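Per-entry structural report
The residues making up each chain are set out below.
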Amino acid sequence: VIPSLFVHETEVTVAAYAACVRGSGCTAAGTGEACNANVTGADAQPIVCVDQAQAAAYCEWVGMRLPTEWEFEW
């Protein structure tokens with residue numbers, strides 16, 4: 001039996017993650033060379049340079065959760 005599962009069709013954007021940071025629900029994403037959190041014009045791009053704990057915090061902030069390993073594989 002496979003339970004119902006809802007997964008977003010699109011990735012979390014830089015702008016959406018930044019809103020979580022401003023709202024104190026998330027810590028700042030990385031800012032290394034390959035990161036896009038502080039890049040002008042990147043607001044619509046998927047956020048990169050966040051770890052699993054940061055992703056989980058974002059999900060909690062928006063009232064959701066990360067999929068379990070089993071759900072992800074399914």
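Further up the page is the structure itself.
Before going into details, it helps to say that this report is about the structure given with it. Model, not experiment: these values are computed from the prediction.

**Structural notes on unusual backbone geometry**
Negative phi is the rule for most residues except glycine; trans is the rule for most peptide bonds. You will see that S24, though not glycine, has its phi angle at about 65 degrees, which is positive. Its place among the elements puts S24 in the loop between helix 1 (14-22) and helix 2 (52-61). With a relative accessible area of 66%, S24 lands in the exposed category. At C49, a residue that is not glycine, the phi angle is positive and equals roughly 70 degrees. Relative to the helices and strands, C49 is located in the loop between helix 1 and helix 2. Residue C49 is classed as partly exposed on the basis of its relative accessible area of 31%.

**Quick word on the side chain of E71**
Relative to the helices and strands, E71 resides in helix 3 (residues 69-73). Given the relative accessible area of 13%, E71 is considered buried. Reaching out from E71, the side chain makes a polar contact with the backbone nitrogen of T68 at a distance of 2.8 Å. With sequence-adjacent residues up to four places away left out, E71 is seen in contact with L5 and R65.

Conventions we followed
- Residues numbered from 1 in each chain as written.
- Predicted model: local features only at pLDDT ≥ 70, side-chain atom pairs only at ≥ 80, totals over all residues.
- Heavy atoms only, no water.
- Helix = DSSP H or I, 4+ residues; strand = E, 2+ residues; numbered from the N terminus.
- Buried < 20%, exposed > 50% of the residue type's maximum accessible area, 1.4 Å probe, protein only.
- Polar contact = N/O pair within 3.5 Å; in protein donor to acceptor, adjacent residues only side chain to side chain.
- Contact = heavy atoms within 4.5 Å.

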